[in-house]
Amino acid sequence: MDGMKLSFPAESLPLSVIVALSLSASPVTIDSFSAATTVPTFVFSDGRKLSGTSVLLRYVGRSTTTLPEFYGSNAFDSSQIDEWVDYATVFSSGSEFENACGRVDKYLESRTFLVAHSLSIADVAIWSALAGSGQRWESLRKSKKYQSLVRWYNSILDEYSELLNKVLATYAAKKGSGKPVAVPKSKDQQADSQDKGKPEVDLPEAEMGKVRLRFAPEPSGYLHIGHAKAALLNKYFAERYQGEVIVRFDDTNPAKESNEFVDNLVKDIGTLGIKYEKVTYTSDYFPELMEMAEKLIREGKAYVDDTPREQMQKERMDGIDSKCRNHSVDVNLNLWKEMIDGSERGLQCCVRGKFNMQDPNKAMRDPVYYRCNPMSHHRIGDKYKLYPTYDFACPFVDSLEGITHALRSSEYHDRNAQYFKVLEDMGKRQVILYEFSRLNLVFTLLSKRKLLWFVQNRLVDGWDDPRFPTVQGIVRRGLKIEALIQFILEQGASKNLNLMEWDKLWSINKRIIDPVCPRHTAVVAERRVLLTLTDGPDVPFVRIIPKHKKFEGAGEKATTFTKSIWIEEADASAISVDEEVTLMDWGNAIVKEITKDEEGRVTALSGVLNLQGSVKTTKLKLTWLPDTNELVNLTLTEFDYLITKKKLEDDDELAPFVNPNTKKETSALGDSNMRNLRCGDVIQLERKGYFRCDVPFVKSSKPIVLFSIPDGRAAK
């Protein structure tokens, strides 16, 4: 878009186009309120022009390289986006404005975005139509009429507050009557909105419709957040270039792999929404790989080495040729046969590529191609006694499967030359390597070997433990996949190595769950205090109230009002005699008597209702539960990081940095409506935070288990 100019007349402000240009950071000069044009127009550096707001908006959607799926990831999504872009004009019709609000509100009841799972120009078109309508929309925002629409509008404003407020202040205020459009400041303005990471969308030598990528995990553990980045970037680039993704299991190490890991990796890939062409296995190509290894031996490009492993590593570090390097082809082939047979002699050997033992890049110093391993393979049993290394198998299979671009994290950078050399010696088609930075998070292990250590030592409950960075673990903790996708795509394909905080991810998650999750009440069971309201109802009564005051779709709950109610000890201890407090969802009360035990702890309270009192004048707003036998038992579970060191180095011992206290359980009582929670439901406990239901109600003697969800405001 370099050298392009946007011109428009004062009476035809293309607010959606300006918003889209700002969100996508497009380098376009804006010639505002130009008298030279009668409709919004893009003027290109070569003199060509495009005119019309919807035409310009679609052009931005198609051409931006910074926002994923801004114009959809497939033909269906793009068509849906077109429908909404066209529909946005309805909001400019005075008689149809509220009907349009009603339609979009109903559509958004169970959606975060208008199309698919990310921001698109459809959202921009409708959002801008509302923002540009001025006071009419602001009046509706303050009412409770269109709760889903307001939630969606506010979430976009929160996410891009700095850019959107600037655009509205600059342009919307000058529209029509000249009165400024009221734009309330976002509650959750984030400093990091200034430097959002964006995917680098250009693949070298990529041709539209001809890109073929692969996501190739080793089935030696569950998918974790680091793998998720690689998987989602492959998905993104495949959609960007209308190509395809293959899922390939790199199953070349039977000592670490199992069908359990394969099954769960497939499950996790599905959870991420990855659409793949097919699933393959490196083991499918074992016959071809063995033929290639033998071919290289015959051509003198590989040799069999029986040097002990430690000595081999030392020679590689020191740049010393192996004593086996100049063996004849016949000697090498005989030893190769011993390896195939898995004989005692063969087990002492490996196959190495013959590169250059004095190369400054140690990855080029005769890498190992094959090793003997008599263990049974999880797919093919005991057929083979030797297996190819990743360095040998990966380039071969990439080329054979027609992969055009192989995405690899930058930790493999020194091995890129090796990858190309292996393909060159094999005489195979070269594959383009594309690097991205590995995702590193504070106090987090992403090494499957180290994660396995926690599982084997029973320091966690399994690979789906909510303290684990696996996809299943963080979802069980309460993370929405939409938040994970947004977080990873914001990092993009940057090659910069960063140690990231979890707070950013949990903040995104909060913005997704807060507008829609139901509200419930819990009181910590230990030392809870009974407050008796002397003028309270002699006969309990029930009132139906919303589970979420700003989102009707959350449903309703039944709240019982009784003469005696439970409050937490911490709240009771903060109350003074004759103090007026607010009982949430009821009204005010005045505490008249406070009873304490010998140690000075509050054991009972007595007071009277003052329902006419103003909630604005009270200091304490208290959550409470009725004194009935309908309450449910809860276990509130909080988690901490598994390790105590912010960044664990590769050579660090694990045991000294294991956090001994990573799980805290608190017994509590909850309102009776929580009997209906299902496993996976996300709720907010008033004044306690967000929780995910891990174990729902079964019977009164068995507590509901709720996992605390971090909100990004403080380290958990």
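By convention here, each chain's residues receive numbers from 1 onward along its written sequence. It should be noted that, the model being predicted, local features are given only for residues of pLDDT at least 70 and side-chain atom pairs only at 80 or more, the latter also being counted only at that level, while totals for whole chains, interfaces and linings use all residues. To get the side-chain values, take all heavy atoms of the structure and skip hydrogens and water.

The name an unreviewed UniProt entry assigns to the chain is glutamate--tRNA ligase, from the organism Cardamine amara subsp. amara. UniProt lists a comment for the chain under the heading Subcellular location (unreviewed entry), and it reads "Cytoplasm". UniProt positions are given in the numbering used here, feature names are shortened, and annotations may be inferred rather than shown by experiment. The annotation that UniProt attaches to the chain under Sequence similarities (unreviewed entry) is "Belongs to the class-I aminoacyl-tRNA synthetase family. Glutamate--tRNA ligase type 2 subfamily."

Novice: Help me understand the nonpolar core in this model?
Specialist: Nonpolar side chains tend toward joint burial in soluble globular proteins. Put simply, buried Ala, Val, Leu, Ile, Met, Phe, Trp, Tyr and Cys residues joined by side-chain atoms within 4.5 Å make one nonpolar core. Three labels apply to residues, based on accessible area from a 1.4 Å probe with only protein chains included: buried if under 20% of the type maximum, exposed if over 50%, partly exposed otherwise in between. Phe42, Leu114, Ile126, Leu130 and Trp152 are the most contacted members of the largest nonpolar core, which has 58 residues in total. In DSSP terms, a helix is any run of H or I states spanning at least four residues, a strand is any run of E spanning at least two, and both are numbered starting from the N terminus. Ranked by residue count, the leading element in this core is helix α5 (residues 121-131), at eight residues.

Novice: Would you mind going over the UniProt feature "domain: tRNA synthetases class I (E and Q) anti-codon binding" (unreviewed entry) in the chain with me for this structure?
Specialist: UniProt marks residues 621-694 with the feature "domain: tRNA synthetases class I (E and Q) anti-codon binding" (unreviewed entry), using the numbering shown here. The distance separating the terminal C-alpha atoms of residues 621-694 is 29 Å; by composition the span is 0% helix and 41% strand.

Novice: Help me understand the sheet that holds strand β22 (residues 580-583) in this model?
Specialist: Sheets are built from strands that pair by backbone hydrogen bonding, the pairs being arranged parallel or antiparallel. The strand order across the open sheet formed by seven strands is β25-β22-β23-β24-β18-β21-β26, and the pairing between neighbours is mixed. A single partner strand is all that each edge strand has here, and the edge strands are β25 (621-622) and β26 (625-626). Where strand β23 (residues 587-596) meets strand β24 (residues 602-610), eight bridges bridge the pair, whose relative direction is antiparallel. Note that in β24 the partner of Glu593 across the bridge is Ser606. Following DSSP output, two strands are said to pair if at least two bridges run between them.

Novice: Could you clarify how one ought to interpret the pattern of salt bridges in this entry?
Specialist: Salt bridges are defined as contacts in which a side-chain nitrogen from Lys or Arg sits within 4 Å of a carboxyl oxygen from Asp or Glu. Summed over the entire model, instances satisfying the criterion amount to 45 salt bridges. In this structure, Glu501 engages Lys646 in a salt bridge whose closest nitrogen and oxygen atoms are separated by 3.5 Å. Here Glu501, found in the loop between β15 (499-500) and α19 (503-513), pairs with Lys646, found in the loop between β27 (632-639) and β28 (663-670); they are 145 residues apart in sequence, far enough to count as distant. For Glu501, a relative accessible area of 37% puts it in the partly exposed group. The exposure class assigned to Lys646 is partly exposed, which follows from its relative accessible area of 41%.

Novice: So what exactly am I meant to see when it comes to the packing of helix α9 (residues 225-240) against helix α18 (residues 481-491) here?
Specialist: For any two helices packed against each other, one specifies the crossing angle of their axes together with the interaxial distance. It is at 10 Å that the axes of α9 and α18 come closest, and there the two elements cross at 75°. The angle between α9 and α18 places the two elements in the roughly perpendicular class. Residues Ile225, Ala228, Lys229, Leu232 and Tyr236 of α9 pack against Leu484, Ile485, Ile488, Leu489 and Gln491 of α18. Axis definition: a line fitted to C-alpha atoms, limited for helices to the stretch in contact. Angles are taken between N-to-C directions and run from 0 to 180 degrees. Angles below 35 degrees are treated as roughly parallel, those above 145 as roughly antiparallel, those between 65 and 115 as roughly perpendicular, and all remaining angles as oblique. By definition, residues are in contact when any of their heavy atoms lie within 4.5 Å.

Novice: Explain a nonpolar patch on the surface here, please?
Specialist: A contiguous nonpolar surface patch, about 200 Å² in accessible area, is contributed by Val266, Tyr276 and Val279. For Tyr276, the location among the structural elements is in the loop between α10 (259-271) and β7 (278-281). The class of Tyr276 is partly exposed, set by a relative accessible area of 33%. A patch is a set of surface residues, each over 30% in relative accessible area and not in a salt bridge, joined within 9 Å for like charges and within 5 Å for the nonpolar side chains Val, Leu, Ile, Met, Phe, Trp and Tyr. Using a 1.4 Å probe, accessible areas were evaluated by the Shrake-Rupley method; residue-level cover was limited to the displayed protein chains.

Novice: Please explain the side chain of Ser118 as it appears in this structure.
Specialist: With respect to the secondary-structure elements, Ser118 resides in the loop between α4 (97-107) and α5. Here a polar contact means two N or O atoms within 3.5 Å. Within protein one must be a hydrogen donor candidate and the other an acceptor candidate, and residues neighboring in sequence count only if both atoms are side-chain atoms. A polar contact is formed between the side chain of Ser118 and the side chain of Glu69, at a distance of 3.3 Å. Sequence-distant contacts of Ser118, defined by excluding residues within four places in its chain, comprise Pro68, Glu69, Phe113 and Asp123.

Novice: Help me out: how do you make sense of the sheet that holds strand β4 (residues 49-51) in this one?
Specialist: Taken in spatial order, the four strands line up as β2-β1-β3-β4 in an open sheet, and their pairing is mixed. Because the sheet does not close on itself, it has two edges, and the strands there are β2 (28-31) and β4. Within this sheet the neighbouring strands show an average axis-to-axis angle of 20°, counted without direction. In this structure, strand β1 (residues 4-7) lies alongside β2, joined through four bridges in parallel fashion. Within the sheet, the bridge partner assigned to Lys5 lies in β2 and is Thr29. The sheet contacts of helix α1 (residues 15-23) involve β1, β2 and β3 (41-43), and relative to β1 the element is tilted by about 150°. The sheet contacts of helix α2 (residues 53-63) involve β1, β3 and β4, and relative to β4 the element is tilted by about 120°.

Novice: Got a minute to help me understand the pairing of strand β30 (residues 689-695) in this structure?
Specialist: Two faces belong to every sheet, and in a regular strand the side chains alternate between them. The element β30 is extensively covered by neighbouring structure, given that six of its seven residues are classed as buried. Relative to β30, strand β29 (residues 682-685) runs antiparallel, the two sharing four bridges. Looking at the pairing, Leu685 lines up with Gly689 of β30. The turn linking β29 back onto β30 is made up of three residues, and Arg687 within it adopts a positive phi angle of 65°. Across five bridges, the pairing between β30 and strand β31 (residues 704-709) is antiparallel. Each bridged residue has a counterpart across the sheet, and for Cys693 the counterpart in β31 is Leu706.

Novice: Hey, could you run me through unusual backbone geometry in this one?
Specialist: In most cases, non-glycine residues show a negative phi, while peptide bonds are predominantly trans. Its identity is not glycine, yet Glu205 carries a phi of approximately 60°, on the positive side. By the secondary structure assignment, Glu205 is in the loop between α8 (161-170) and β5 (212-215). Exposure remark for Glu205: the relative accessible area of 69% places this residue in the exposed category. Even without glycine at this site, Asp578 takes up a positive phi of about 70°. Considering the arrangement of structural elements, one finds Asp578 in the loop between α20 (569-573) and β22.

Novice: Hey, could you run me through helix α11 (residues 286-298) in this one?
Specialist: Side chains three or four residues apart in an α-helix point the same way, a direct result of the helix having 3.6 residues per turn. To estimate the expected span of a helix, count its residues, drop one, and scale the result by 1.5 Å. Taking 1.5 Å of rise per residue, 13 residues should cover 18 Å, and α11 covers 18 Å from first to last C-alpha, within 8% of that figure. Buried within α11 are the following residues: Phe286, Leu289, Met290, Met292, Ala293, Leu296 and Ile297. Down the axis, α11 shows its buried residues gathered within 160° of arc, on one side only. Seen from the buried face of α11, the exposed residues on the opposite side, beyond 90 degrees, are Glu291 and Arg298. Once α11 ends, the next one or two residues include Gly300, with phi positive near 75°. Taking the helix axis as origin, the arc is that swept by the directions to the C-beta atoms.

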